[in-house]
Structure formats: C-alpha cells, structure tokens
Amino acid sequence: QLVESGGGLLQAGNSLKLTCTASERTRGAMGWFRQAPEKGREFVGAVPWISSQSTLLANSVKGRFTISGDNAKNMLYLEMHNLEPEDTAVYYCAARPDAKLSTSSDDYIYWGKGTLVTVSS
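This report concerns the structure included in the present document.

Here is what the cut-offs are and how they apply
Residues numbered from 1 in each chain as written. Predicted model: local features only at pLDDT ≥ 70, side-chain atom pairs only at ≥ 80, totals over all residues. Heavy atoms only, no water. Helix = DSSP H or I, 4+ residues; strand = E, 2+ residues; numbered from the N terminus. Rg over C-alpha atoms; globule rule 2.2 N^0.38 Å. Buried < 20%, exposed > 50% of the residue type's maximum accessible area, 1.4 Å probe, protein only. Contact = heavy atoms within 4.5 Å. Areas by Shrake-Rupley, 256 points an atom, 1.4 Å probe, with all protein chains shown as cover.

### Description of the overall build of the chain
Secondary structure assignment for the chain yields zero helices and eleven strands. Along the chain, helices (α) and strands (β) appear in the sequence β-β-β-β-β-β-β-β-β-β-β when read from the amino end. Rg of the C-alpha trace for the chain: 13 Å, near the compact-globule value of 14 Å for 121 residues, within the 12% margin. By its C-alpha atoms, the chain is 40 × 25 × 25 Å across when sized along the principal axes. Expressed as a percentage of the 121 residues in the chain, the buried residues total 43%. Once local pairs closer than 6 in sequence are excluded, the contacts in the chain between residues at least 24 apart make up 56%. As displayed, the chain offers around 6300 Å² of accessible surface, 47% of which is attributable to carbon and sulfur atoms.

Structure below.
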C-alpha cells in the first residue's frame, strides 16, 4: 500500500515536499506521476529503488523537482521548487516489483490514491 501526503494550496514560486509512505519494504522502481484536471496521467520522475541516487525526471520538472528516498522508513519524497500554476495536479506515487525505470504509468502495478497540489498565480 502506498500513501501520499504533503499536498496543499500555495502560490507560484514556492516549494513543497510530498511524501509517499509504503506499508512494507519496496524492492523495485518507484515513481511519481501527476494528473491535472481533464488531462491524462503524466510522468514526473522515478528511481530504480527507494534510496537510489539515480533519478529519471521529466523534462518539464528538471531543475525544479528532485526525488529522494529513505529505505529505513519506506518513504519516497518529491521535493518541488519554483512551482508554477501548470504544476497543479493530483500527484500519485507508484511502484513496480523490479528496478526497471519506466515513464509509462502502465508499467507500474502499485498506486497510491494521490495528493492534490494547487498552485495559484
């Protein structure tokens, strides 16, 4: 089970940190996706395992978002800086059983219910 937290309402230019808590130790890739109103689910970033320093990020968030994880706490983080109104979306945490990085939501098996981030201009 994956549970996201940390969403909220904030003004553009500010920062926010999301947390994904896994109910048990994860051994495969974990990722963040987002879905804006009336749009499809979009890849944000992923790591091959929860504490990996190797990160794959979408071009739209490179330089602003970072992903990190704490293996001991089974937590994955998404730090978002210089937020823009276009970042407004429900943010989802996802996991898969192997360490293959993928930008496709179809490749992830486990999903949280999401946390809403709203960025005002």
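Let us keep going from here.
### A few points about the environment of E42
On the secondary structure map, E42 appears in strand β5 (residues 41-47). With 62 residues separating them in the primary sequence, E42 and S104 have C-alpha atoms 8.4 Å apart. Apart from the residues lying within four places of it in its own chain, the contact partners of E42 are W32, F33, R34 and S60.

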